[in-house]
Amino acid sequence: MVQIKAIRRRRNFYALFFTLSTLLTGWFGITAKTEVAFAFGTVIVIFLILLILKNRLLYDATLIWDNRILAVSSALISKTGGTGQNHTEETVVSTFGILIGTKIYRWGLNGVHGVRLVGIEIDRQRMILTFGDANQSTRIELLHGMTDQKEILGVKRKFWYETGVTADITGW
């Protein structure tokens with residue numbers, strides 16, 4: 001929930017500056033200072049674009065948070081041809097993607113040719129999620145901290161029901 005609050009705070013920041021820029025542009029337009037009004041007009045466009053992007057990010061983060069399957073404390077991300085990045089922020093796995101801090105990895109968009117969840121592997125210490133498209137795949141390792149086999153089977157069942165992907169369980 002901390003991630004969503006941070007995204008919402010940044011979105012509100014952009015909305016405030018968009019509003020202030022709009023008011024200043026109107027004021028300078030009324031007082032016949034057209035050069036300054038045009039300058040603030042470009043600032044309005046920039047803040048409008050940032051506001052739209054943050055609003056979409058907030059929508060996606062809320063969607064992932066509301067439909068979460070699992071929440072863990074850390075993740076290791078590696079892409080094909082790249083090195084791994086370690087994140088210690090709270091990680092939320094959902095039907096629609098993964099929220100790591102304020103970064104969102106989405107799957108299930110753009111139909112058959114979009115990014116899809118490909119595989120799920122669960123062992124005693126970690127869960128490995130693989131997703132991608134024909135060009136690039138991403139692998140995320142999560143330290144899940146689950147010790148009960150029933151809990152693992154419940155997560156496997158949720159993944160299958162929500163995403164259609166069957167998790168491979170090893171080491172139990």
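Note that the structure is a prediction, hence the values are computed from the model and not measured.

Definitions and limits used
- Residues numbered from 1 in each chain as written.
- Predicted model: local features only at pLDDT ≥ 70, side-chain atom pairs only at ≥ 80, totals over all residues.
- Heavy atoms only, no water.
- Salt bridge = Lys/Arg side-chain N within 4 Å of Asp/Glu carboxyl O.
- Buried < 20%, exposed > 50% of the residue type's maximum accessible area, 1.4 Å probe, protein only.

1. Structural notes on the pattern of salt bridges
Counting across every chain of the model gives three salt bridges. A salt bridge links D123 to R126; the nearest nitrogen and oxygen atoms lie 3.7 Å apart. By relative accessible area, D123 is classed as buried at 18%. With a relative accessible area of 33%, R126 lands in the partly exposed category. Two residues, E141 and R139, come together in a salt bridge whose shortest N-O distance is 3.6 Å. Residue classification places E141 among the partly exposed residues on the basis of a relative accessible area of 21%. By relative accessible area, R139 is classed as partly exposed at 34%.

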